[in-house]
Amino acid sequence: MTPADHPTDLKNLTQEQLVRFVERLGQPAFRGRQLLAWIYRPGITDFSQMTDLAKEFRAVLATSARMSRFDEAMIERSGDGAVKFAFRLEDGAVIESVLIPEEDRNTLCVSSQVGCAMGCTFCLTGAMGFRRNLTTAEIVNQVCAVRDWMLKEGRPPLTNLVFMGMGEPLANFDNLLDAISILTEQRGLDFSNRRITVSTCGLVPQMRRLGEETDVNLAVSLHAVDDAVRSRLMPVNRRHPISELVETCRTYRQKRRKRIMFEYTLLEGVNDSDADARRLAALLAGVPCKINLLAMNPVADSTVRSPGGERVLRFQEILREAGYTVFIRQSRGEDISAACGQLAGRGWDPDRVEPLSGATVDKNKEGTD
């Protein structure tokens, strides 16, 4: 086999891995850092554009490497401003990402898997079952593609990333970690750690590793205050019950003044009573945290329903009286099935696609060592 038969996708490589890659090609380490600076520049699609690399090296790259990208997407726009992107992967699978524009930020909800193995009963992605993990490149390319689309549309740039799309991020831990490295590297996509949030349903060992190996924000999907209810809603609770999960959060390694975000979806008659709110307040005592309340979004064939707005407000009031910072998260993109728990990668017309790029290349900007 020649390198051309299996070219290395450079978007799967962190800066450290790129350095090792170019060294195997007989190049000095700084060429790997230069290469990273070029790969994630808008409009760069070919090695010939990397003008401060020697022509001979560019020729070697052309035969041994590639830069994958999502050139087009199926796009739906919500009446509330949210935009859903569906990307068809090389194996034919479809994943979705959601752009949530707000007055002071633009947040992209990123997927980490095709489907999900966690089986949460109120989530359409879980009903899909699990197909496979996304590669590092497939994770990062969602961000690159939406960035390019926003440039083409003349919109303000992305500011925040949340790993709350399709899949359980911590079940794809190694690729997630490499993606975070690329996303936060200055020569890569240059996001701040404090602008990235990883959400989990409660994979305790991986949570501990995340705290040890990154400084991104952590969000924990809790959704119940006792094991019987949570195990029924979220099968992961049978492996890692609430006591273990909350204790892990209590001792979670994070910077001073950072707080874990607990996500709590309210389901009518299941977990939304005054007593549930008081038990939640007692459960989280001593955990530096914030609480996000979300009324359940409509899910086809679900046997549970969303409570009314007054019930959500009452739940918030009890938690605030107990001294917690509590937000009610407004659902976005519900009319295009882009809200939490609604991403399922289906119902898309493969003939209805839009190009994503259109940004011009700044040829005067040199790569950095």
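Placed above this text is the structure.
The model shown is predicted, which means the values in this text are computed figures rather than measured ones.

1. Digging into the overall build of the protein
1) Next: For the protein, the helix and strand inventory stands at 11 helices and 15 strands.
2) Next: Taking as baseline every contact in the protein between residues at least 6 positions apart, the subset at least 24 positions apart corresponds to 68%.
3) Next: Surface summary for the protein: the accessible area is close to 16,600 Å², and the carbon and sulfur share equals 47%.

2. Considering the sheet that holds strand 10 (residues 196–200)
Across a sheet, strands are paired by hydrogen bonds formed along the backbone, either parallel or antiparallel in direction.
1) Next: Judged by pairing direction, the sheet is mixed, and its 11 strands sit side by side in the order 14-13-12-11-10-9-6-5-4-3-15 without closing on themselves. For this open sheet the edge positions go to strand 14 (326–328) and strand 15 (354–355), each flanked by a neighbour on one side alone.
2) Next: Where strand 13 (residues 289–295) lies against strand 14, 3 bridges are found, and the strand directions are parallel. Opposite leucine 293, over in strand 14, you have isoleucine 328 as the bridge partner.
3) Next: Against the sheet, helix 11 (residues 309–321) contacts strand 12 (260–266), strand 13 and strand 14, and its axis sits at roughly 170 degrees relative to strand 14.

3. Some details on the packing of aromatic side chains
1) Next: With the rule as written, the count across this model stands at 4 aromatic pairs.
2) Next: Aromatic side chains phenylalanine 85 and tryptophan 149 sit 5.1 Å apart centroid to centroid with 80 degrees between the ring planes, which places their arrangement in the edge-to-face category. With a gap of 64 residues between them, phenylalanine 85 in strand 4 (residues 83–88) and tryptophan 149 in helix 5 (residues 136–153) connect regions that are remote in the sequence. Accessibility assignment for this pair places phenylalanine 85 and tryptophan 149 in one class, buried.
3) Next: An aromatic cluster of at least three residues, connected via ring pairs, comprises Phe70, Phe85, Phe87 and Trp149.

4. Overview of the pairing of strand 13
1) Next: Counting buried positions along strand 13 gives 5 out of 7 residues, so the element sits mostly inside the fold.
2) Next: Pairing between strand 12 and strand 13: 7 bridges, direction parallel. From the neighbouring strand, threonine 265 faces strand 13, where its bridge partner is leucine 294.
3) Next: For the crossover that starts at strand 12, traverses helix 10 (residues 274–283) and ends in the parallel strand 13, the hand is right-handed.

5. Considering the pattern of salt bridges
1) Next: Overall, the coordinates contain 23 salt bridges when judged by the stated rule.
2) Next: The residue glutamate 90 makes a salt bridge to arginine 66 at a minimum N-O spacing of 3.1 Å. Residue glutamate 90 is found in the loop between strand 4 and strand 5 (94–101), and its partner arginine 66 is found in strand 2 (residues 65–66); the two are separated by 24 residues along the sequence.
3) Next: Residue class for glutamate 90 comes out exposed when judged on its relative accessible area of 68%.
4) Next: Residue arginine 66 is classed as partly exposed on the basis of its relative accessible area of 32%.
5) Next: Connected via shared salt-bridge partners are Arg69, Asp71, Arg147 and Asp148.

6. Considerations on helix 9 (residues 242–250)
1) Next: Within helix 9, the full set of buried residues consists of Ile242, Leu245, Val246, Thr248 and Cys249. Down the axis of helix 9, the buried set is contained in an arc of 155 degrees. They therefore lie on one face.
2) Next: On its buried face, helix 9 sits against helix 7 (204–213), strand 11 (217–221), helix 8 (227–233), strand 12 and helix 10.

7. Focus: the state of the cysteines
Covalent bonding between the sulfur atoms of two cysteines defines a disulfide.
1) Next: Tallied over the full model, the rule gives 0 disulfides.
2) Next: Looking at the unpaired cysteine 123, the closest cysteine sulfur is the one in cysteine 120, lying at 6.3 Å.

8. Some points on the environment of asparagine 172
1) Next: In this structure, asparagine 172 sits in the loop between strand 9 (160–163) and helix 6 (173–184).
2) Next: Given a relative accessible area of 3%, asparagine 172 falls into the buried group.
3) Next: Note: C-alpha distance between asparagine 172 and glutamine 113 (59 residues apart in sequence) is 7.4 Å.
4) Next: In this structure, asparagine 172 is in contact with Ser112, Gln113, Asn133, Leu134 and Ile139, ignoring residues within four places of it in sequence.
5) Next: Within the local environment of asparagine 172, its side chain forms a polar contact with the backbone oxygen of leucine 134, the two atoms lying 2.9 Å apart.

9. Focus: the packing of helix 5 against helix 6
1) Next: As a packed pair, helix 5 and helix 6 sit with axes 8 Å apart at the nearest point and diverge in direction by 40 degrees. The orientation of helix 5 with respect to helix 6, classified from their angle, is oblique. Handedness of the helix 5/helix 6 crossing: right-handed. Contacts between helix 5 and helix 6 involve Thr136, Ile139, Val140 and Val143 on the former and, on the latter, Asn175, Leu176, Asp178, Ala179, Ile182 and Leu183.
2) Next: Tallied by class, residues from the contact of helix 5 with helix 6 come to 7 nonpolar, 2 polar and 1 charged.

10. Observations concerning helix 6
1) Next: If you check helix 6, its first and last C-alpha atoms are 16 Å apart, about what 12 residues at 1.5 Å a residue would give, namely 16 Å.
2) Next: Every buried residue belonging to helix 6 is among Phe173, Leu176, Leu177, Asp178, Ala179, Ile180, Ile182 and Leu183, and all of these are buried.
3) Next: Lining the buried residues of helix 6 we find helix 1 (15–24), helix 5, strand 9, strand 10 and helix 7.

11. Overview of the packing of helix 6 against helix 7
Packed helix pairs are characterised by how far apart their axes lie and by the angle those axes make with each other.
1) Next: As a packed pair, helix 6 and helix 7 sit with axes 12 Å apart at the nearest point and diverge in direction by 20 degrees. Taken together, the axes of helix 6 and helix 7 are roughly parallel relative to one another. Crossing angle aside, the handedness with which helix 6 passes helix 7 is right-handed. Facing helix 6, whose interface residues are Phe173, Asp174 and Leu177, helix 7 presents Gln206, Arg209, Leu210 and Glu213.
2) Next: Of the residues contributing to the contact of helix 6 with helix 7, the split by class is 3 nonpolar, 1 polar and 3 charged.

The rules behind each value
Residues numbered from 1 in each chain as written. Predicted model: local features only at pLDDT ≥ 70, side-chain atom pairs only at ≥ 80, totals over all residues. Heavy atoms only, no water. Helix = DSSP H or I, 4+ residues; strand = E, 2+ residues; numbered from the N terminus. Contact = heavy atoms within 4.5 Å. Areas by Shrake-Rupley, 256 points an atom, 1.4 Å probe, with all protein chains shown as cover. Pairing = 2+ DSSP bridges. Axes fitted to C-alpha atoms, helices over the stretch in contact; angles between N-to-C directions. Phe/Tyr/Trp six-rings, centres within 6.5 Å; stacked < 30°, edge-to-face > 60°. Buried < 20%, exposed > 50% of the residue type's maximum accessible area, 1.4 Å probe, protein only. Right-handed = clockwise from strand over helix to strand, strands pointing away. Salt bridge = Lys/Arg side-chain N within 4 Å of Asp/Glu carboxyl O. Arc of directions from axis to C-beta. Disulfide = S-S within 2.5 Å. Polar contact = N/O pair within 3.5 Å; in protein donor to acceptor, adjacent residues only side chain to side chain. Parallel < 35°, antiparallel > 145°, perpendicular 65-115°, else oblique. Left-handed = near helix turned anticlockwise from the far one by under 90°. Nonpolar A, V, L, I, M, F, W, Y, C, P; charged D, E, K, R; others polar. Expected span 1.5 Å × (residues − 1).

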